[in-house]
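Here are the chains, one letter per residue:
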Amino acid sequence: YVPLTESDPEVQNIIDNETWRQYTTLGLTASENLTSLATLQASSSILNSRYSEGTPGDRFYGGMKHIDEMEILCQKRALAAFDLDPNVWGVNVQPYSGSTANFAALTAILQPQDRLMGLKLSDGGHITHGHQISATRKLNFSSVYFESRPFTSHPDTGTVDYVNLASRAEEFKPHLIMCGASAYPRDWDYALIRAVANSVDAWVMGDIAHLGGFIAANELNDPFQYCDIVTATTHKSLRGPRGGLIFFRKNHPKALDLEKRINEAVSPICQNGPHNNTIAAIATSLKQVCQPEWKAYAKQVLCNAQVLAEALKGYGYKLLTDGTDTHLIIWDLRPQGLKGSKLQALGDIVGFNLNMTLVPGETAARSPSGVRLGTCLLTTRNMKESDIRTVARFLHRAVELSLRLQEEAGSKLLKDFKRVATDPNGRNYGEVQKLSQ
Ligand code: PLP
C-alpha cells in the first residue's frame, strides 16, 4: 500500500484544504456533525472490498463470516441505542443514506400510486416526504411513485397544524403519514399523528434523521411508541458515518412479513451490495451513543440551541416558532430584508458554515429568506453556553455586514470581499477580519 500523500498528492491536497476549512470554520449546518477518529477508521477499512447481498446468514457470496458478525453487531447496537426490545423491533442497517432508507421503507409497505402525507417542504418537511412543486413537477421519488399531499404548519405559530393534518387526512385518506422534518425546530406529537392515522387506517412512519441522537438520549418524545416504521440517518445528531437505518415492528398486525418486506425493499429492490465499511463505522458510532456520556452530549447540544435562540432573539431577530425544542433553529431574515442565501455566501468568506432555507410560504429554494442553524457540530467541538453567545454575536455582526454590503452594492468594500472570496488558496482570514471592521 502506498499512502495517499504519495500516490495522489492532488487528492490529498484537496482533503487537507477541506480539513483546514472545517477546522477554521464555525459549523452551524444543522444536518452536519464531526465524527470520531474511530468511526473514520472503520469507514475507510478493508471491509470496503466485500460484496455481501442478502442478510446475515443468507448471502450470495462466500467468506461472509466477519461481514455477518459486523452487521449483526451493528444491528444489536442500533436496537440498544434506542433501548428497543429485539423481540418487538428489528432493524436494517444497510441503507446507503436517509433518502434510500425512506425509499426502501415506502416501497416495502406501499403500492405504486398509494397516497402519503408529510410536512410541506417550505414548512420544514423533507423532499423524501412527498415533495412536489406542482402536479406536473414532481421532484422526488416520493411524489413521482406515490400520490402525495402535504400537511402544513400553522401560519401564526409556525408549529405543525395538527387540525389541518386531521382534516386533510380525512379528505385524502392517506395510506401512510410521515412524521419528521428537515427544517422544523419543534418536537413531534407522535401520539396525535397515530390517532389521526388510526382514523383512516394509515401507517405511521417516523423519520428521525435529525432527532435520532436526542431520542436515543431520551431527551425528546419517543416515536417508537407510536410508529410502525422509523427511519434515521446516522451522520447528523447520531454523529456517525453517512448512512441510513430502518427500524420496523416485527410481527406487525398489518403485515406479519414486515421484516422480509423491508429487507427485500432495501436489497434487491432499492439497492444492491451493502457498504460494509460504512456498517462497521455505524457500529462504532452507535457504541458511542450507547455510553452514559452520550446523554450529556445530547443535553449540551439542546442547551446550546436554546442559548443560541435566546441570544439571537436578544438581538431582535425573528425565529420560526419563536424558538426551538431541538438542535435546530430557523432564522427568519425577512424583517431585515436580507436573503438567507446572501448571509450564507458571506459566511463562506468570514468563517461560518451556514445553510439557507425556505421559510413558510416561500418557493424560491435558491434565494430563500431563512437560515437553518444547528448546534450538533459546535457541541462536538466542546462549545458551551458562553462560546455559543460569542457565536451569536459573530452572527449578528455578519448580518450587519451583509446589510452594509447590500446597501453599498458596487462599492470597493464589496469588490474587496469578492476578491477575498475567490482567492484560490482561500486562507485569507486576516484580510477578511480587516475588511469586517
Ligand atoms: N430525512 C430527513 C428528515 C432529512 O433531513 C434528511 C437529510 O437531509 C434525509 C431524510 C436524507 O438523508 P440523506 O441526505 O442521508 O439521504
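Quick look at the structure, then. Nothing here was measured: the structure is a model prediction, and the numbers come from that model.

Conventions adopted
All residue numbers refer to positions counted from 1 along the written sequence of the respective chain. Whole-chain, interface and lining totals are the exception, using all residues; otherwise, since this is a predicted model, local features are given only for residues with pLDDT of at least 70 and side-chain atom pairs are given and counted only at 80 or more. Labels follow the DSSP assignment, with helices taken as runs of H or I lasting at least four residues and strands as runs of E lasting at least two, numbered in each case from the N terminus. For this measure, only C-alpha atoms enter the radius of gyration; the expected value for a globule follows 2.2 Å times N^0.38, where N is the number of residues. Residue burial is a threshold on neighbouring C-beta atoms within 10 Å of the residue's own C-beta, all placed from the backbone, with 20 or more meaning buried, 12 or fewer meaning exposed, and counts in between meaning partly exposed. By definition, residues are in contact whenever their C-beta atoms, placed on the basis of the backbone, come within 7 Å of each other. Bend, at a single residue, is the angle you get between axes fitted to the 7 residues ending at that residue and the 7 residues starting at it. Two strands form a pair only when DSSP identifies at least two bridges running between them. Geometry is summarised by axes, namely lines fitted to C-alpha atoms with helices restricted to the contacting stretch, and by angles between N-to-C directions that run from 0 to 180 degrees.

1. A closer look at the overall build of the protein chain
Then comes step 1: A count of helices and strands for the protein chain gives 17 helices and 15 strands.
Then comes step 2: At 22 Å, the protein chain has a C-alpha radius of gyration in line with the 22 Å of a compact globule built from 437 residues.
Then comes step 3: Summarising its shape, the C-alpha atoms of the protein chain cover approximately 65 × 60 × 45 Å along the three principal directions.
Then comes step 4: Here the protein chain holds 437 residues, and 47% of them are scored as buried.
Then comes step 5: Counting contacts in the protein chain only where the partners sit at least 6 residues apart, residues at least 24 apart contribute 70% of the total.

2. What about helix α10 (residues 258-270)?
It helps to recall that an α-helix has 3.6 residues per turn; residues three or four apart then point in one direction.
Then comes step 1: The sharpest bend along α10 comes to roughly 30°, located at Glu 264, with the proline Pro 268 sitting one to four residues further on.
Then comes step 2: Taken together, the buried positions of α10 are occupied by Leu 258, Glu 259, Ile 262, Asn 263, Ala 265, Val 266 and Cys 270.
Then comes step 3: Along its buried surface, α10 packs onto β2 (54-55), β4 (89-92), α5 (98-109) and β10 (244-249).

3. Let's talk about the sheet that holds strand β12 (residues 328-332)
Then comes step 1: Strand order in this open sheet of 4 strands is β11-β12-β15-β14, and the pairing throughout is antiparallel. The sheet terminates laterally at β11 (318-319) and β14 (355-357), the two strands that pair on one side only.
Then comes step 2: Two strands pair when backbone bridges link them, and β14 and strand β15 (residues 370-374) are joined in this way by 3 bridges, in the antiparallel orientation. By the bridge assignment for β15, Asn 355 is matched with Arg 372.
Then comes step 3: In the packing of helix α12 (residues 293-314) onto the sheet, the strands contacted are β11, β12 and β15, and the crossing angle to β12 comes to about 15°.

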